Amino acid sequence: MKKNYKKSVDIIMPNYNKSHYLDKSINSVINQTYKFWKLIIIDDNSNDQSKNILKKYKKNKKIKIFYLKKNKGPSYCRNFGLKNSKSNYVCFLDSDDFWEKKKLEKQLSFIIK
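Since this is a predicted model, take the numbers as computed values, not measurements.

Trainee: Quick question: what am I supposed to make of the environment of Tyr67 here?
Mentor: The topology assignment puts Tyr67 in strand 3 (residues 63-67). Measuring from C-alpha to C-alpha, the distance between Tyr67 and Lys102 comes to 29 Å, with 35 residues separating the pair along the chain. When neighbours within four sequence positions are excluded, Tyr67 is seen to be in contact with Asp43, Lys51, Leu54 and Lys55.

Trainee: Please clarify how helix 1 (residues 19-30) should be interpreted in this entry.
Mentor: For an α-helix, 3.6 residues make a turn, and residues three or four places apart therefore share a direction. A rise of 1.5 Å per residue sets the reference length of helix 1, with its 12 residues, at 16 Å; its end C-alpha atoms lie 17 Å apart and thus fit the reference within 8%. For helix 1, the set of buried residues is Ser19, Leu22, Ser25, Ile26, Ser28 and Val29. All buried residues of helix 1 fall inside an arc of 155° around its axis, so they share one side. Turned more than 90 degrees from where helix 1 packs its buried face, His20 and Lys24 sit exposed. Close packing links the buried residues of helix 1 with strand 1 (9-15), strand 2 (37-43), helix 2 (50-55) and strand 3.

Trainee: Where do I start with the pairing of strand 3 in this structure?
Mentor: Two faces, one strand: in a regular strand the side chains alternate between the faces of the sheet. Looking at chain direction, strand 2 and strand 3 are connected through five bridges and run parallel. Residue pairing in the sheet places Ile42 in a bridge with Phe66 of strand 3. Handedness of the crossover joining strand 2 and strand 3 through helix 2 is recorded here as right-handed.

Cut-offs used in this document
- Residues numbered from 1 in each chain as written.
- Predicted model: local features only at pLDDT ≥ 70, side-chain atom pairs only at ≥ 80, totals over all residues.
- Heavy atoms only, no water.
- Helix = DSSP H or I, 4+ residues; strand = E, 2+ residues; numbered from the N terminus.
- Contact = heavy atoms within 4.5 Å.
- Expected span 1.5 Å × (residues − 1).
- Buried < 20%, exposed > 50% of the residue type's maximum accessible area, 1.4 Å probe, protein only.
- Arc of directions from axis to C-beta.
- Pairing = 2+ DSSP bridges.
- Right-handed = clockwise from strand over helix to strand, strands pointing away.

Shown next as structure tokens:
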């Protein structure tokens, strides 16, 4: 990908009671080689330790966290994230999954070609 090419991508992450995986999932985004991203996390009224984990990331300007007051399911969370996205490019990442370091770089390079 061209070095001066700076397309922003929004990553939408629904979360419901995935505290055991949440740090690893979020850090797999933070550690991407492609740095022009924003992570939108929608916590679907978790009742595990998810909210405590998410507190660690609230000062990160590239991460926006929404807390739902009622459990609505992953589809609702993804659509909620889309409504709050301002990018032309969107990716989805489940909170119990994680990406390799060059995932965004490779994906955007392929899309642009």
